[in-house]
Amino acid sequence: MSSDDNVKRSADAAVSGGPLAGGHHGDVLALPELESFRDPETKGAKAHYDDADIYRDEKGFNDHTLRPMFFTTKKYFAFTLVLGAIMAQGFVAFLNQTYWGLGMAGLHEPVYWGAYIATFVFWVGLSHSGTIVSSILRLTGANWRRPILRAAEAMTAFSLLVAALFPLIHVGRLWRAYYMVPLPSQRMLWPNFKSPLMWDFCAINVYLTGSMTFLYIGLLPDLAVARDRAIAMGNWRRHYLKVLALGWRGSHREWSVYNKCSLFLAVIILLIAPSVHTIVSWDFAMTMTPGWHTTIFGPYFVVGAIYSGVSAVVTLMIVLRVLFNLGDVIRKFHIDALGKLLLVISIIWSYFYFCEFITTWYSHKPEEWEIFEWQAHRFPYHLWVMLGGSCLTIFCLSWRRFRACMPCMFALTLLVNCGMYIERYMIVVPILSRRDNPFMWTDYYPSLTELSIIVASFAYFIFLYAIFIKLFPIVTMADVKEGVVVSGDVRLGKHAVRVQVKE
Amino acid sequence: MRILKGSIKVKSFNYKEDNDYSWSMIIDLDRCNGCGACVIGCQAENNVATVGEEEVGKKRNMHWLRIERYIEGEYPHVKVRFLPMMCQHCAQAPCESVCPVYATYHNPEGLNVQVYNRCIGTRFCGNNCPYSVRYFNWFDSSFPEPVNNQLNPDVSVRERGVMEKCSMCMQRIRRGKDTAKDEGREVVDGDIQPACAQTCPTGAITFGNINDHESKVYKMAHSGRAISLFEEKGTHPAVKYLKGGTNDVIG
Amino acid sequence: MSDHYTVLGLYRKVETITKAGDPIREAFRVKDGDIEVLTSAAYPDGAILDDKELLHQVESRQFLFPFLMGFGGFGAGVTLAGGTGYIMNLIVGGKAPFTYAPTGVVTYEFTLLFGVIGSVLSLLYYAGLPNWTERAYDPEVSDGALGLLVKLYSTEDQEKAAKMMEEHGAYKIKKGVNDF
């Protein structure tokens, strides 16, 4: 039977059974046969799906999406070597700092927190897109989410791993940092749960556990696919894949339980993620330092985090498309959809900027105004990138043609994250430089040690990601397949419209 | 339920009523001439590290007590004001509650105490102190010959990566209390003198027990000239200043 | 436990496997839990086999794991953050030993942490994972083949079932012992 027949038949069935209303999905299901995943003949009717002939057979799809995992070029090794070198110099700087003392950083009284904490907030912020976007899209059943989930979730997990390093790099006595863990001891060392830092410690750990779990549970069925492939190829990856796949067979019971578990996790992650960045913001907002002590900080940070996170997802998707030849799985359509999402978030974000600035400008409270004046005086270009960047984002993303232009989107999303990094820096540094006591006003410049470690952190993130791509499937294969299973073409007048079935 | 009571009524911990002693310090700004002897006295008494010229240039000096200079007016009608600034031992200290490891807390005698061995150096306390009087050991302190011979054995030398600040000469308070106990009496004025008060040539610094209504500090704190720094922050400092500048002879 | 025998038939199309499942189930009076479908993607409940009732029982109990663990986490959070006030009766910042807001924040995080652990445990418990033993499976499942797996209690039944599956369009049959 040709696949064209199949479409027609199912469309007829759908019409006779009352389309989408008749209760049983069997009537509308058009794609029980996996060989006819894609239908080249009806291409014209399905404008959004046209560049995905790859779905015609599932084996081909598996091969294609697993290719970045199993096949490695020499360039990749060269690239990781470069990353390794950058990480190594950062590590040396870190060892140097730990050996001699934190004086190696540019910090001084009263700027006790500097670039390290700004970078920490940046990385935590970056981690907020992956799981939040992934859970929202999962819960709302947005169909276009399917191929990009893994890449976004992995970003969350790895940026959190990087972020979690910074408090450790930043503390004065690294070798005593375990005092923050509630371990009963004879010396009655016990953490103070009234400290926002302790909340932060809890939240980051919970989020790290949660997002790692989310990533792993999402991986489980794909691990089974990769395992079968690795065993067939005799690839060395079979050893760990066998263990990590937990003996997954894809039985219906497994799937059913698995879907329920994903649902639980999506809901829980959606509750954890905003709380994490709110708590990070409370590290600042709970103090009585002017400029930090504002109620807006919680939502402000959360929206900023999602803003920087979603743009990082776009950046990453474009990189994956180019480097790993995944353009037919992560399509322009996805970038477009993410661009729209980013547009909405950038509007909210600009609104927050406006709220923050207008209240300070209007009330003209001297201690807060001093900080704003200092920011404008000392960091004018930073402010231009930060504020101009967010206006530019709204302007650019409103154009469909801009969203369709991959280099433009790449540049814009990078600019957004530069702006967001500056934003975090502007929250930490100028405010501490202009504290309550004018006798102690000073300026702060990051030292070479700090810069090396921060650059290394970026290399570390990319390195983790690059390793992940080589060890695990980067495309959410099971979700894509599920999308194909539960969707079908319904004839509506002259058009065959692709619909997704929900129970 | 006693433990819950306080969360409703925040100010339930009244050092002035619940304990025998509540230490306080009064600084008469009219008497201060900015000589800086207290700074040196403090540094010698408390083994405060000397960090060297370069580090001081980076604002990493560790003076627990510093003299802040404020210049009023335009040349040639210029007045210089001095403000000795040290830890204010706030009753509601912002630095204490933010420490994740209880390295700083309030002792029953109204002092803000820093436990060096607990400190892990997050520096959150320093960020939350409106007076900026907490100091961080950026490097290991060095006491080259012959300075090591003058180290005070009653005070520990701090490791790198640890916060420190004025302790109101805790070691002297301890000794004063012990002596008074041996003699079977309460501590009275003059029993305890922090290093800065002892060194001050003009007698601008007075230390004492504000719970004792006969004490000097009690009377000075109720003199009408007494002010707290950054009173609007609601920190209720134990250190009080007697307003200066009204007398043009000094100033 | 006595030995059991399994038959795994691989199919290419959903229509064929749907037609194969019910006759086999009736012919050998297979219990609900003894017949399974192996797929590479999540099919809606009841799409291939009528196992809605069984799975409904599982699903209605599955939420208990994160739910009860969440309660445990709530207790842990209150104990840790609130109990700290009792064991470390230190006064910081003029605040009471027990404070509601910080306890609330820590409790929230712990509740969710335990909820995450509970969700994973529910998956492992109800899906029977991890199970690293050799089980009836074929790698072709991950490339899109649909597997019908039946558990039977005699070799004759096994032979018959294999034959039935072949009649119903299975392109590959695998037989096994004690590997359901």
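What you are looking at is a predicted structure, and each value in this text was computed from that prediction instead of being measured.

## Side note on the overall build of chain B
- Looking only at helices and strands, chain B has nine helices and 10 strands in total.
- Looking at chain B alone, contacts between residues at least 24 apart form 60% of all its contacts between residues at least 6 apart.

## Regarding the overall build of chain C
- Scanning chain C from terminus to terminus reveals five helices and four strands.
- Secondary structure elements in chain C, listed N-terminal to C-terminal, are β-α-β-α-α-α-β-α-β.
- Its C-alpha atoms give chain C a radius of gyration of 25 Å, clearly above 16 Å, the size a compact globule of 180 residues would have.
- Projected onto the principal axes, the alpha-carbon positions of chain C cover approximately 80 × 35 × 30 Å.
- A buried classification covers 49% of the 180 residues belonging to chain C.
- The contacts in chain C between residues at least 6 apart in sequence include a share of 79% that link residues at least 24 apart.

## Notes on helix α14 (residues 406–433) of chain A
- Its 28 residues give α14 of chain A an end-to-end C-alpha distance of 40 Å, which sits within 8% of 40 Å, the value for a rise of 1.5 Å per residue.
- At methionine 426 of chain A, α14 of chain A shows its maximal bend, which comes to roughly 30°, and the proline proline 430 of chain A appears one to four places after that position.

## Quick word on the sheet that holds strand β1 (residues 5–11) of chain C
All names here are of chain C.
- Spatially, four strands are ordered β2-β3-β1-β4 in an open sheet, and the strand pairing comes out antiparallel. This sheet does not close on itself; its edge strands, each paired only once, are β2 (35–38) and β4 (172–177). Strand-to-strand twist across the sheet, computed as the mean angle between neighbouring axes with direction ignored, equals 20°.
- The strands that helix α5 (residues 155–167) touches are β1, β3 (146–152) and β4; relative to β1, the one it contacts most, it runs at about 5°.

## As for unusual backbone geometry
Residues and elements named next belong to chain B.
- Cis geometry marks the peptide bond from tyrosine 75 to proline 76, where omega comes out at 5°.
- Inspection of the secondary structure puts proline 76 in the loop between β2 (66–72) and β3 (79–85).
- Going from glutamate 145 to proline 146, the amide bond is cis rather than trans, its omega being -5°.
- One can find proline 146 in the loop between β6 (135–136) and β7 (163–164).

## Let's talk about the domain arrangement of chain C
- What the domain assignment reports for chain C is domain 1 (5–61 + 137–177) and domain 2 (63–127).
- Of note, the centres of domain 1 of chain C and domain 2 of chain C, computed from C-alpha atoms alone, are 44 Å apart.

## Some points on the sheet that holds strand β9 (residues 226–227) of chain B
- The four strands are arranged β8-β1-β10-β9 (chain B) in an open sheet whose pairing can be described as mixed. Bordering the open sheet on either side are β8 (205–209) and β9 of chain B, each of which pairs with just one other strand.

## Brief notes about helix α10 (residues 332–363) of chain A
All names here are of chain A.
- An ideal rise of 1.5 Å per residue puts 46 Å on 32 residues; α10 measures up with 46 Å between its terminal C-alpha atoms.
- Those residues of α10 not exposed but buried are Ile335, Leu338, Gly339, Leu341, Leu342, Ile345, Ser346 and Trp349.
- Contacts from the buried residues of α10 go to α9 (297–323), α12 (380–397), α13 (400–404) and α14.
- Immediately downstream of α10, the backbone of histidine 364 shows phi near 55°, a positive value.

## A closer look at the environment of lysine 172 of chain C
- Among the structural elements, lysine 172 of chain C can be located in strand β4.
- When the C-alpha atoms of lysine 172 of chain C and aspartate 138 of chain C are compared, they prove to be 9.7 Å apart, with 34 residues separating the residues in sequence.

## Remarks on the environment of leucine 242 of chain B
Residue and element names in this part refer to chain B.
- Considering the arrangement of structural elements, one finds leucine 242 in strand β10 (residues 239–242).
- Assessed through the 20 C-beta atoms surrounding it within 10 Å, leucine 242 is described here as buried.
- Taking the C-alpha atoms as reference points, leucine 242 and alanine 221, 21 residues apart in sequence, are found 8.0 Å from one another.
- When sequence neighbours within four positions are dropped, the list of residues in contact with leucine 242 reads Ile26, Ile27, Asp28, Leu29, Asp30, Met220, Ser223, Arg225 and Ala226.

## Overview of the interface of chain C and chain A
- Contacts between the two partners involve 55 residues from chain C and, on the opposite side, 54 residues from chain A.
- Elements that contribute at least two residues to the side of chain C that touches chain A include exactly α1 (14–27), β2, α2 (52–62), α3 (64–87) and α4 (100–127) of chain C.
- For the side of chain C that touches chain A, the leading source of residues is α4 of chain C, giving 15 residues.
- Of the residues that constitute the side of chain C that touches chain A, the class distribution is 34 nonpolar, 11 polar and 10 charged.

## Re the nonpolar core
- Formed by 257 residues in total, the largest nonpolar core has its most connected members in Val310, Val313 and Met317 of chain A together with Ile27 of chain B.
- It is helix α6 (residues 196–233) of chain A that provides the largest number of residues to this core, a total of 18 residues.

## What to know about the pairing of β8 of chain B
All names here are of chain B.
- The buried fraction of β8 is high, at five of five residues.
- Summarising the sheet, strand β1 (residues 23–28) and β8 pair through five bridges and their orientation is antiparallel. Bridging across to β8, tryptophan 23 finds its partner in asparagine 209.

## Some words on the confidence of the model for chain C
All names here are of chain C.
- Looking at chain C as a whole, its pLDDT mean stands at 84, while 98% of the residues score no less than 70.
- Across chain C, the element-wise mean pLDDT spans from 77 in α2 up to 92 in α4.
- Our summary of model confidence lists the complex with pTM equal to 0.89 and ipTM equal to 0.92.

## Examining the confidence of the model for chain B
Residues and elements named next belong to chain B.
- Overall, the prediction assigns chain B a mean pLDDT of 86, with 90% of residues at 70 or greater.
- When mean pLDDT is compared element by element in chain B, helix α8 (residues 195–199) scores highest at 94, while helix α1 (residues 2–8) scores lowest at 42.
- Here residues 1–13 scores under 50 on pLDDT; set against residues more than four positions off or in separate chains, the count is 20 contacts.

## Looking at the packing of helix α4 (residues 115–140) of chain A against helix α5 (residues 149–170) of chain A
Residues and elements named next belong to chain A.
- Where α4 contacts α5, the two axes come as close as 7 Å, and the packing angle between them is 155°. With respect to each other, α4 and α5 are oriented roughly antiparallel. Note on packing geometry: the crossing formed by α4 with α5 is left-handed.
- When its residues are assigned to classes, the contact of α4 with α5 shows 16 nonpolar, nine polar and one charged.

## Some remarks on the packing of α5 of chain A against α6 of chain A
Residues and elements named next belong to chain A.
- Contact geometry for α5 and α6: axes closest at 9 Å, N-to-C directions at 150°. Judged by the inter-axis angle, α5 sits roughly antiparallel to α6. In the crossing of α5 with α6, the sense of the turn from one axis to the other is left-handed. Contacts between α5 and α6 pair Leu149, Arg150, Glu153, Ala154, Thr156, Ala157, Leu160 and Ala164 from the former with Ile204, Tyr207, Leu208, Ser211, Met212, Phe214, Leu215 and Gly218 from the latter.
- Classifying every residue of the contact of α5 with α6 gives 11 nonpolar, three polar and two charged.

## Regarding the environment of leucine 81 of chain A
Residue and element names in this part refer to chain A.
- Along the chain, leucine 81 turns up in helix α3 (residues 74–100).
- Taking the C-beta count within 10 Å as the criterion, leucine 81 has 9 such neighbours and is therefore assigned exposed.
- Separated by 382 residues in the primary sequence, leucine 81 and phenylalanine 463 place their C-alpha atoms 9.4 Å from one another.

Calculation rules
Residues numbered from 1 in each chain as written. Chains lettered and ligands numbered in written order. Predicted model: local features only at pLDDT ≥ 70, side-chain atom pairs only at ≥ 80, totals over all residues. Helix = DSSP H or I, 4+ residues; strand = E, 2+ residues; numbered from the N terminus. Contact = placed C-beta atoms within 7 Å. Rg over C-alpha atoms; globule rule 2.2 N^0.38 Å. Buried ≥ 20, exposed ≤ 12 C-beta atoms within 10 Å, placed from the backbone. Expected span 1.5 Å × (residues − 1). Bend = angle between axes of the 7 residues up to and from the residue. Pairing = 2+ DSSP bridges. Axes fitted to C-alpha atoms, helices over the stretch in contact; angles between N-to-C directions. Domains from an automatic or database assignment. Nonpolar A, V, L, I, M, F, W, Y, C, P; charged D, E, K, R; others polar. Core = buried A, V, L, I, M, F, W, Y, C linked by C-beta atoms within 7 Å. pLDDT = per-residue confidence, 0-100. Parallel < 35°, antiparallel > 145°, perpendicular 65-115°, else oblique. Left-handed = near helix turned anticlockwise from the far one by under 90°.

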